[in-house]
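Spelled out from the first residue to the last, the chains are:
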Amino acid sequence: MSASLEQRLRALEDADAIRALKARYLEACDRKDLKAFRASFADGKVDIDYGAIGRFDSADALAAVYQKMACHPHMVEMHHGMNPQIEVLDETRARGKWSLHYFLINTETRGLTQLAGYYEDEYEKRAGAWKIVRTKFVPTSTLALDIGAGNVKALFAGSAPPAA
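Below you will find a few notes about this structure.

Definitions and limits used
- Residues numbered from 1 in each chain as written.
- Predicted model: local features only at pLDDT ≥ 70, side-chain atom pairs only at ≥ 80, totals over all residues.
- Heavy atoms only, no water.
- Buried < 20%, exposed > 50% of the residue type's maximum accessible area, 1.4 Å probe, protein only.
- Helix = DSSP H or I, 4+ residues; strand = E, 2+ residues; numbered from the N terminus.
- Pairing = 2+ DSSP bridges.
- Core = buried A, V, L, I, M, F, W, Y, C linked by side-chain atoms within 4.5 Å.
- Contact = heavy atoms within 4.5 Å.
- Expected span 1.5 Å × (residues − 1).
- Arc of directions from axis to C-beta.
- 1 Å grid on protein atoms, 1.4 Å probe; cavity = no way out; pocket = protein on both sides within 12 Å on 5 of 7 lines; lining within 4 Å.
- Points joined across faces, edges and corners; volume = space filled by probe spheres on them.
- Nonpolar A, V, L, I, M, F, W, Y, C, P; charged D, E, K, R; others polar.
- Polar contact = N/O pair within 3.5 Å; in protein donor to acceptor, adjacent residues only side chain to side chain.
- Phe/Tyr/Trp six-rings, centres within 6.5 Å; stacked < 30°, edge-to-face > 60°.
- Lys NZ or Arg CZ within 6 Å of the ring centre and 35° of its normal.

Describing the pairing of strand E4 (residues 93–106)
Here is step 1: Burial along E4 is one-sided: the residues Ala94, Gly96, Trp98, Leu100, Tyr102, Leu104 and Asn106 are buried and none of Arg93, Arg95, Lys97, Ser99, His101, Phe103 and Ile105 is.
Here is step 2: Where strand E3 (residues 75–88) meets E4, 12 bridges bridge the pair, whose relative direction is antiparallel. By the bridge assignment for E4, Gln85 is matched with Lys97.
Here is step 3: Remark: four residues form the turn of the hairpin made by E3 and E4, two consecutive strands paired antiparallel.
Here is step 4: Where E4 folds back onto strand E5 (residues 111–126) in an antiparallel hairpin, the turn is made up of four residues, including Arg110, whose phi is positive at roughly 60°.

Quick look at the structure:
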């Protein structure tokens, strides 16, 4: 049985709301907006696997690490999420896959990092708003450079970054 026009319209609106959620999350990362960063995730138990950064079962635990690692003026970041593939499963559940291009200039250590990969996300609509309940980032290419002392030195070039 095919979906009704109302169901199809709701699925399109839900997919658009999920794209907006991810855009707010990525912008919050760049702007060091801890409140908006945290608000992207559901309350309670979540499953966040950010590889070398860590694995978290609550958004608050991730937000604490994010604040400690990234919320500094010397950490100049750019998160570009692209190629969203959103699948709305029903009225309250969806999943998505996103490409990420990440660029960091650490003005304190004179380091530069370029990272590419993809997110595998799951979303739930709670109290009328879509939230991330599960996310995993899979790196596909990483380049870390030391740009200090007038020369450039490669620190790492490969797929997954080394563990911190």
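This is not the end of the story, as more comes after the structure.
Observations concerning the nonpolar core
Side chains of a nonpolar character, in soluble globular proteins, are inclined to be buried together.
Here is step 1: Of all hydrophobic cores here, the largest spans 33 residues; its most connected members are Tyr25, Phe37, Phe41, Tyr50, Tyr119 and Tyr123.
Here is step 2: Counting only elements with at least two residues in this core, the list comes to helix H1 (5–31), strand E1 (45–49), helix H3 (59–70), E3, E4, E5 and strand E6 (129–146).
Here is step 3: Counting residues per element, this core draws most heavily on H1, at seven residues.
Here is step 4: Those residues within four positions of Tyr123 in sequence are excluded, and the remaining contacts are Ile18, Leu21, Thr92, Arg93, Ala94, Arg95, Gly96, Trp98, Trp130, Lys131, Ile132 and Val133.

Regarding H3
Here is step 1: In this model, H3 (12 residues) spans 15 Å end to end at C-alpha, consistent with the 16 Å of a helix rising 1.5 Å per residue.
Here is step 2: Taken residue by residue, H3 has Ala59, Leu62, Ala63, Tyr66 and Ala70 as its buried positions. Looking down the long axis of H3, one finds its buried residues gathered within 100° of arc, a one-sided arrangement. Along H3, the residues that are exposed and aim more than 90 degrees away from the buried face are Asp60 and Lys68.
Here is step 3: Against the buried residues of H3 lie H1, helix H2 (34–39), E1, strand E2 (55–58) and E3.

Focus: the layout of surface pockets
Here is step 1: There is about 1,000 Å³ of room inside the largest pocket.
Here is step 2: What lines the largest pocket is a set of 38 residues, among which Ile53, Met69, Tyr102, Leu104 and Leu115 lie closest to the centre.
Here is step 3: For the lining of the largest pocket, a count of residues per class yields 29 nonpolar, seven polar and two charged.

Here's the deal with the side chain of Asp49
Here is step 1: Assignment of secondary structure puts Asp49 in strand E1.
Here is step 2: Of note is the side chain of Asp49, whose polar atom sits 3.1 Å from the backbone nitrogen of Gly51.
Here is step 3: When residues no more than four places from it in sequence are discounted, the contact partners of Asp49 are Gly54, Arg55, Thr135, Lys136 and Phe137.

Quick word on the packing of aromatic side chains
Here is step 1: Tallied over the entire structure, the rule returns seven aromatic pairs.
Here is step 2: Plain terms: the ring middles of Tyr25 and Tyr119 are 6.4 Å apart, the flat faces sit at 85° to each other, and that makes the pair edge-to-face. Residue Tyr25 is found in helix H1, and its partner Tyr119 is found in strand E5; the two are separated by 94 residues along the sequence. By the burial criterion, Tyr25 is buried, and Tyr119 matches it.
Here is step 3: Taken together through their ring pairs, the aromatic side chains of Tyr25, Phe37, Phe41, Tyr50, Tyr66, Tyr119 and Phe137 make up a single cluster.
Here is step 4: The lysine or arginine in question, Lys22, covers the ring of Tyr119, its NZ or CZ lying 3.6 Å from the ring centre.

Digging into the pairing of E1
Here is step 1: Bridging between E1 and E2 involves three bridges; their strand directions are antiparallel. Paired with Lys45 across the bridge in E2 is Ser58.
Here is step 2: The turn joining E1 and E2, which pair antiparallel and follow one another in sequence, is formed by five residues; a positive phi near 55° is taken by Gly51.

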